[in-house]
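Structural features, examined
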Amino acid sequence: AANTIVETFTETDYALSARMFIAKEAVKNKDYKTALTHLGVIREVFASDLQAAEALAMMGDIYLEQKRYKEADECYKAILAVKEWKGKLWPRALYGRGECSIGMGKLSEACVYYERIYVMYSFYKDWASKAYLKRGQCLANLREYNKAVETLREMLKHEELSQFPEWKEAKQEIEKYEKRI
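Computed from a predicted model, the values in this text were never measured in an experiment. (Residues numbered from 1 in each chain as written. Predicted model: local features only at pLDDT ≥ 70, side-chain atom pairs only at ≥ 80, totals over all residues. Heavy atoms only, no water.)

**Some remarks on the overall build of the protein chain**
Keep this limit in mind: Here a strand is any run of E in DSSP of at least two residues, a helix any run of H or I of at least four, and the numbering for each starts at the N terminus. Exposure is judged per residue with a 1.4 Å probe applied to protein chains only, and the accessible area is read against the type maximum: over 50% gives exposed, under 20% gives buried, and values in between give partly exposed. In this analysis, two residues are considered to be in contact whenever any of their non-hydrogen atoms come within 4.5 Å of each other. Note on charges: Lys and Arg go in the positive column, Asp and Glu in the negative column, and His and the chain ends are not counted at all. One atom stands in for each charge, and that atom is NZ of Lys, CZ of Arg, CG of Asp or CD of Glu.
Broken down by element type, the protein chain carries 10 helices and 0 strands. For the protein chain, the α and β elements follow one another from N to C terminus as α-α-α-α-α-α-α-α-α-α. C-alpha atoms of the protein chain, sized along the principal axes, occupy 65 × 30 × 30 Å. Taking all 181 residues of the protein chain together, 48% fall into the buried category. The contacts of the protein chain with a sequence gap of at least 6 include a subset with a gap of at least 24, amounting to 48%. When the 30 positive and 28 negative side-chain charges of the protein chain are each reduced to one mean point, those points stand 5 Å apart.

**Digging into the packing of aromatic side chains**
Counted only if it meets this: A pair of Phe, Tyr and Trp rings is counted when the ring centres sit within 6.5 Å of each other, with Trp represented by its six-membered ring. The angle between the planes then sorts it: under 30 degrees is stacked, over 60 is edge-to-face, the rest tilted.
Here the structure, examined in full by the defined rule, presents 6 aromatic pairs. With centroids separated by 4.8 Å and ring planes inclined at 50°, the aromatic side chains of phenylalanine 123 and tyrosine 124 adopt a geometry described as tilted. Overall, the relative accessible area of 54% leaves phenylalanine 123 in the exposed class. Ring pairing ties together the aromatic residues Tyr95, Tyr114 and Trp127, which thus form one cluster.

**Things to note about the environment of isoleucine 22**
Along the chain, the position of isoleucine 22 falls in helix α2 (residues 13–28). For the pair isoleucine 22 and alanine 35, spaced 13 residues apart in sequence, the C-alpha separation works out to 7.1 Å.

**Quick word on helix α8 (residues 125–141)**
Note the following rule: Multiply 1.5 Å by the residue count of a helix minus one, and that product is the helix's expected span.
An ideal rise of 1.5 Å per residue puts 24 Å on 17 residues; α8 measures up with 24 Å between its terminal C-alpha atoms. Summarising burial for α8: 13 of the 17 residues are buried, a large majority. Of the residues trailing α8, arginine 143 is marked for its positive phi of about 65°.

**Overview of helix α9 (residues 145–156)**
Since the α-helix packs 3.6 residues into each turn, any two residues three or four apart lie on the same face. For the record, the criterion: An arc is given here, and it is the one of the directions from the helix axis to the C-beta atoms.
Look at α9: 16 Å from first C-alpha to last across 12 residues, which is about the 16 Å you get at 1.5 Å a residue. Here α9 has its buried residues at Tyr145, Ala148, Val149, Thr151, Leu152 and Met155. When α9 is viewed along its axis, its buried side chains cluster within an angular range of 160° and face the same direction. Facing away from the buried side of α9 by more than 90 degrees, the exposed set consists of Asn146 and Glu150. On its buried face, α9 is in contact with α7 (107–120), α8 and α10 (165–178).

Function cannot be inferred from these measures alone, as they are strictly geometric.
This is how it looks when you write it as structure tokens:
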């Protein structure tokens, strides 16, 4: 049905929802070629719509999974360039940029992206939790164990983050890193 809508109403709002549905289903089935085709159309034809931002985030995630870090980073950077899209997609985009930086071997750069998330977007607790842990791990990979422990201990001061799986992992990481100090 979604394909029929896209064929009949190619560049209308009806097609926007249908294309997003097709893209999400394609991602579930790991049919990234189909997903990227529909997400690309959403991004170009409906450029100012919030769903274009969602399409960019999904494209970034696909490229990241495919280890196409520069292309993924461009998608995440494009989200951050539009003030009207500020919201839950921004910490997601910053996290994606951090992941791309790690993939390209730029750990110090990744640390900055993760820190921005929990400093500027701490009210998105799920992203803050992920960002604290990832920054701690990046610092440890840079052999900056004191800073890694400091970052993770700071995370544990925020009791509201205890509901997320990263909390338990942070405790384990602290123990591991303290042995290296």
